[in-house]
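Close look at the chain arrangement
Residue strings, one per chain:
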Amino acid sequence: MDKFIVRGGTRLCGEVRISGAKNAAVAIIPAAILSDGVCRLENIPAISDVTNSLIILKEMGAEVKRIDANTIEIDPRNISSYIVPHEMANRMRASYYLIGALLGKFSKAKVAMPGGCDLGPRPIDQHLKGFEALGANITIDGGMVGVSADRLLGAPVYLDVVSVGATINIMIAAVKARGLTIIENAAKEPHIVDLANFLNSMGADIRGAGTDVIKIRGVDHLDGTTYSIIPDQIEAGTYMAAAAATRGDVTIKNVIPKHLESISAKLIEAGAEVIEYDDAVRVFANGRLNKCVIKTMPHPGFPTDMQPQISTMLATATGTSIISEGIWDNRFRYVEQLVRMGAEITVDGKVAVISGVDELKGAPVKANDLRAGAAMLIAGMMATGVTEITDIHYIERGYEDVVNKFCSLGADIERVTTPSPIAKIG
Ligand code: EPU
């Protein structure tokens, strides 16, 4: 059993470099199968979600070459199967992008229903609605989603909810459809713009990504390309929150400050200082932070993927903070772990009320999911004493080299492997 041992109480100080964006990488890698040439992808984060996407592509017949830790080449020309069985797809939630990608490539796909973090119900009805609008027939049978069309035809698609995944999936499927697809009420997250830029660099014709209307004019052919992925907004936000939470002074490099504005605004409201540079932000805090009221929303609102980290930071702020979760039904499961560390937080449905305490105390806790795990790391660094975090595979899904990065800022975190109790008995 792998765990992190965090000895808390140090202020984080120094510089840290942010990796490529996970949620851009897990969309761009499947989208690369649409190419008629080799795609070289740079600034790819070294995290298990990326490794799993690449394994899936390899199993499908793509040639995948690792050039260095953060550069890969994908040659998808030998992919011949349009079926992705459960064992493969279940490795990660973003495997659902293979539905759009295979539909675009072969006009058909059969992909097992996706896995991923449990944040409450995660329907894909808007993805399917989009594929249907493009002319695909949908079947769901034995846990597999089947989509097929004689020829995909561009069409208008109005999304009933602003969905990152549906926007991406419909965009991927529509790139080679005949005619014009218009996605209305599209999501506007930075990785949607990044995916559009990647597809356009292969010869696609996509306009409006980053606004709520995206227009995709289908093309017959996509070339290979070389493309560098944007920095990870949420990884950057996590280090920003950790810097403020430990009353530290950290310069977070290789970021796009514009993507961080909603996070910077809340840190400033809480009393931290945030200084923006061209491609870096410096966050420092001297005393105790102040309460905040936060509601998570689609971009450019405050990101749900920063909600556990910022709530953890506010656990020791003065006054009462109120956090409303606007995206997921079940994203407060980590609160139980913080309460074990002395936090005073009550949750009613999608709202958490945080009464700031003087300090958190180290305790054994677990990572319920990726961002909850990041929150536990921050809590451990804020706390007095020792915090042991289990289920760290969730954290390693999305944070590159997390122990070394935090330790380079002065944190005391150790990754240990202990035999499971069953192995001990055996
Ligand atoms: N929704 C529907 N129908 C759909 C799709 C979504 O009702 O067909 C609902 C969801 O239930 C949810 C809301 O719409 O209430 C938004 O879901 P969205 O589709 O935007 O989420 P996602 O694409 O499944 C991505 C990120 C998540 C992040 C959300 C919201 C990836 C791989 N995942 O998920 O990231 O929380 O957008 O920003 O891009 C994470 O990185 O830790 C993570 C969970």
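Our structure is the block above this text.
Every value quoted in this text rests on a predicted model; they were computed, and no experiment measured them. Going along each chain's sequence as written, the residues are numbered from 1 onward. Given that the model is predicted, a residue must reach a pLDDT of at least 70 before its local features are reported, and side-chain atom pairs must reach 80 or more before they are shown or counted; all residues, however, enter totals for whole chains, interfaces and linings. Water and hydrogen atoms play no part in the side-chain values, which are based on all heavy atoms of the structure.

1. Remarks on the sheet that holds strand β5 (residues 71–75)
The test is simple: One bridge is not enough; two strands pair if DSSP finds at least two bridges between them. A helix here means a DSSP run of H or I that spans at least four residues, while a strand means a run of E at least two residues long, and both kinds are numbered starting from the N terminus. Each axis is a line fitted through C-alpha atoms, taken for helices only over the stretch in contact, and angles between the N-to-C directions span 0 to 180 degrees.
If you walk across this open sheet you meet the 4 strands as β4-β5-β3-β14, and the pairing is mixed. The open sheet has two edge strands, β4 (63–68) and β14 (225–228), and neither has a second partner. Looking at each pair of strands side by side, their axes are set apart by 20° on average, direction ignored. Across 5 bridges, the pairing between β4 and β5 is antiparallel. Its bridge partner being in β5, Val64 is matched across the sheet by Ile74.

2. Some points on the nonpolar core
For clarity, the cut-off: In this text, buried Ala, Val, Leu, Ile, Met, Phe, Trp, Tyr and Cys residues form a nonpolar core when linked through side-chain atoms within 4.5 Å. Per-residue accessibility, obtained with a 1.4 Å probe over protein chains only, is compared with the maximum for each type, and a residue is labelled buried under 20%, exposed over 50%, and partly exposed between these values. Throughout, a residue-residue contact means that at least one pair of heavy atoms, one from each residue, lies within 4.5 Å.
Phe198 and Leu199 are the most contacted members of the largest nonpolar core, which has 80 residues in total. Look past the residues within four positions of Leu199 in its chain and what remains in contact with it is Ala31, Leu34, Val175, Ala204, Ile206 and Leu222. Counting residues in hydrophobic clusters, the runner-up holds 71 residues, among them Ile252, Leu314, Ala374 and Leu409.

3. Quick word on the sheet that holds strand β19 (residues 320–324)
The 4 strands are arranged β18-β19-β21-β20 in an open sheet whose pairing can be described as mixed. Of all strands in the sheet, those with a lone pairing partner are β18 (293–295) and β20 (344–348), marking the two edges. Ignoring which end each strand starts from, the neighbouring axes of this sheet average 15° apart. Two strands pair when backbone bridges link them, and β20 and strand β21 (residues 351–355) are joined in this way by 5 bridges, in the antiparallel orientation.

4. Things to note about the environment of Glu276
Looking at the element boundaries, Glu276 is found in strand β16 (residues 273–276). As a C-alpha pair, Glu276 and Leu377 span 101 residues in sequence and 25 Å in three-dimensional space. When sequence neighbours within four positions are dropped, the list of residues in contact with Glu276 reads Pro257, Glu261 and Val281.

5. Quick look at the pattern of salt bridges
Inclusion rule: By definition, a salt bridge exists where a carboxyl oxygen of Asp or Glu is found within 4 Å of a side-chain nitrogen of Lys or Arg.
For the structure on display, the rule yields 22 salt bridges. The partner of Arg415 in a salt bridge is Asp2, with the nearest N and O atoms 3.3 Å apart. Note that Arg415 is positioned in strand β24 (residues 412–417) and Asp2 in strand β1 (residues 2–7), a separation of 413 residues in sequence. The exposure class of Asp2 is partly exposed, given its relative accessible area of 29%. Lys266 is the partner of Glu269 in a salt bridge, and the nearest nitrogen-oxygen pair spans 3.0 Å. One end of the pair, Glu269, and the other, Lys266, are both in helix α9 (residues 261–269), 3 residues apart, so they sit about a helical turn from each other. Exposure remark for Lys266: the relative accessible area of 17% places this residue in the buried category. Overlapping salt bridges bring together Asp2, Glu396 and Arg415 as one network.

6. A closer look at the packing of aromatic side chains
Two measures describe an aromatic ring pair: the distance that separates the ring centres and the angle between the ring planes. Rules: For this analysis, a ring pair means two rings from Phe, Tyr or Trp (six-membered ring only for Trp) whose centres lie within 6.5 Å, classed as stacked if their planes differ by under 30 degrees, edge-to-face if by over 60, and tilted for the remaining angles.
What the rule picks out here adds up to 4 aromatic pairs. For the ring pair Phe332 and Tyr334, a centre distance of 6.3 Å and an interplane angle of 45° mean the geometry is tilted. On the basis of relative accessible area, Phe332 is assigned to the buried category, the value being 9%. Take Tyr334: its relative accessible area is 2%, and that puts it in the buried class.

7. A few points about the side chain of Ser163
Along the chain, the position of Ser163 falls in the loop between β10 (156–158) and α6 (164–174). Classification of Ser163 by relative accessible area gives buried; the value is 15%. When residues no more than four places from it in sequence are discounted, the contact partners of Ser163 are His127 and Ala187.

8. Considerations on the site of the ligand
Applied cut-off: The criterion for a residue being near a molecule or strand is simple. One of its heavy atoms has to lie within 4 Å of it. Nitrogen and oxygen atoms within 3.5 Å of one another constitute a polar contact, given that in protein one can donate a hydrogen and the other can accept it, and given that sequence-neighbouring residues count only through two side-chain atoms. Working definition of accessibility: Shrake-Rupley area with a 1.4 Å probe, residue cover restricted to the visible protein chains. Classification convention: Asp, Glu, Lys, Arg as charged; Ala, Val, Leu, Ile, Met, Phe, Trp, Tyr, Cys, Pro as nonpolar; all other residues, Gly among them, as polar.
With respect to spatial proximity, 25 residues lie near the ligand, and among them Gln126, Ser163, Val164, Asp305 and Ile327 are the closest. Residue Asn23 places a side-chain N or O atom 3.2 Å away from an oxygen atom belonging to the ligand. The protein chains hide 89% of the 830 Å² of surface that the ligand would expose on its own. Of all elements in the fold, only α1 (22–31), α5 (125–133), α6 and α12 (370–382) reach the threshold of two or more residues within the shell around the ligand. For the shell around the ligand, a count of residues per class yields 12 nonpolar, 6 polar and 7 charged.

9. Describing unusual backbone geometry
In the segment running from His299 into Pro300, the intervening peptide bond is cis, with an omega of 10°. Relative to the elements of secondary structure, Pro300 occurs in the loop between β18 and α10 (307–314). In the Ramachandran plot, Asn254 falls in the positive-phi region, its phi being about 60° despite a non-glycine side chain. By secondary structure assignment, the location of Asn254 is in the loop between β15 (249–253) and α9. You will see that Asp391, though not glycine, has its phi angle at about 60°, which is positive. When you line up the elements, Asp391 lands in the loop between β23 (386–390) and α13 (393–396).

Nothing here speaks to function; it is all geometry.
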